[in-house]
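Fold and contact review
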Amino acid sequence: MLALFVLCNGFVVPARFALQRVEPLAVYMGGDAYGASGTSFYTTTEKQESYDSLDTVLAAKCRDPEILMVIKEQLDACAKITDALRSTLVTVEGSANTFGDAQLSVDVIADQIMWDAVKSSAVVAWGASEEEPEIKPCNPKGRFTVCWDPLDGSSIVDNNWAVGTMIGIWSKESGSGTNGLIGATGRDQVTALIALYGPRTTVLVGLDDGVYEFSYGCTPDGCQQPDGSFAPWICSRKKIQIKPDTRVFSPANMRAGNQVKGYKELLSFYQDEGYTLRYTGGLVPDVYQQFTKNMGIFTNPTSKESPAKLRLAFEASPFGLLVEMAGGKTSDGVSGGSVLDVKINTVDQRTPLCIGSANEVDRFNKMVLGMKVTAPTVSFPSFSPRE
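Presented here is a report on the structure given in the accompanying data block. Everything numeric in this text was worked out from a predicted model, so none of it was measured. (Residues numbered from 1 in each chain as written. Predicted model: local features only at pLDDT ≥ 70, side-chain atom pairs only at ≥ 80, totals over all residues. Heavy atoms only, no water.)

Concerning the pattern of salt bridges
Applying the stated criterion across every chain yields a total of 17 salt bridges. Residue Arg237 pairs with Glu213 through a salt bridge whose shortest N-O separation is 2.8 Å. Pair noted here: Arg237 is in strand 12 (residues 233-237) and Glu213 is in strand 11 (residues 210-216), with a separation of 24 residues, a long-range link. One salt bridge in this structure joins Lys329 and Asp362, with 2.5 Å as the shortest N-O distance. One end of the pair, Lys329, is in strand 17 (residues 329-331); the other, Asp362, is in helix 10 (residues 358-367), with 33 residues separating them in the sequence. The exposure class assigned to Asp362 is buried, which follows from its relative accessible area of 6%. One salt-bridge network, held together by shared partners, links Glu130, Arg311, Asp348 and Arg350. (Salt bridge = Lys/Arg side-chain N within 4 Å of Asp/Glu carboxyl O. Helix = DSSP H or I, 4+ residues; strand = E, 2+ residues; numbered from the N terminus. Buried < 20%, exposed > 50% of the residue type's maximum accessible area, 1.4 Å probe, protein only.)

Some thoughts on the sheet that holds strand 17
The sheet built from five strands is open, its strands ordered 14-13-15-19-17 with mixed pairing. Both edges of this open sheet fall to strand 14 (276-277) and strand 17, since each of them pairs with a single strand only. Judged from the two bridges that link them, strand 13 (residues 248-251) and strand 14 form a sheet pairing that is parallel. Residue pairing for strand 14: Val248 is matched across the bridge by Thr276. Contacts from helix 7 (residues 261-272) reach strand 13 and strand 15 (297-300), with the element oriented near 155° to strand 15. Where helix 9 (residues 312-325) meets the sheet, its contacts fall on strand 17 and strand 19 (353-356), and the angle it forms with strand 19 comes to roughly 30°. (Pairing = 2+ DSSP bridges. Contact = heavy atoms within 4.5 Å. Axes fitted to C-alpha atoms, helices over the stretch in contact; angles between N-to-C directions.)

Scope: geometric values only; no functional claims are made or implied.
Structure below.
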């Protein structure tokens, strides 16, 4: 009987292929790439021979010694949160935050770590947590106001999905000058940090000439320094740029699609045009991927039935600063202007948001807000939050 299948290089393949040059499995399964499920999908970062340490990069790219100090303090806090997440079960504490939401064990621990960091700092004058949105004094001789969401992703952390910390840092002289926050805007931030806790801990930081990513506790192969020592933080990406176009979308608050005609049409456009859905329900991983994939769009419009949930100071402003520094764009979801230009009138102020690749933000403004967009944005000037 003629064999229909044969064993070739460890794989059972049709016999007709045994008479031909055997291609790699990836080619046999569909061309010269792995396709959408492949590990290299949208990933272009190649391994380097060596990586700069945190201290090396900050010394070269952060000219203000006090900003350098607060960045290192916040990174230390992120490292402690990483260690806590690795060893703490996700359980309900029996307590509630200001909004009546039950607090999880990891929320309480992460928030306490952040408070310990700012209260022991020589450069932080005021602190405010999303868990209890009240601006509290720290060091009266300090220079900065630090606002944070200690652990964004409470609804998915019990699934063991990636969660994160968002940190915005203002001068205490910003806005009304009373506490650095009220009356200020996101554009007044001196820097921002976004930590992502997944299989690895990585943190985006705004420095003098752009957005850098630092990785924590990586393998010695990447962390070893010329003197033989090991750095806990290495620089894994430098001067990240977000492309103006993308085929990756993250649609939040899809309930609003039932009330906002333009949003429903936008979601249909993404589907009809074959965009790739990448959405977890966690703000940090859903926007952070724009920096690793160098593209993406996150949409969160609102309606009367589905009001805004994102906090302007704790969430939209830190991410907005970093995305615009990397060449992306933001929309406040109301006027179509940058979310960084929205004045912070209350600590717990909420906002709609669209953020990511510039041309897709323009599309959102046009389809959802009805704005006239004359031409796509294709290039960006350099931007520093301290210029």
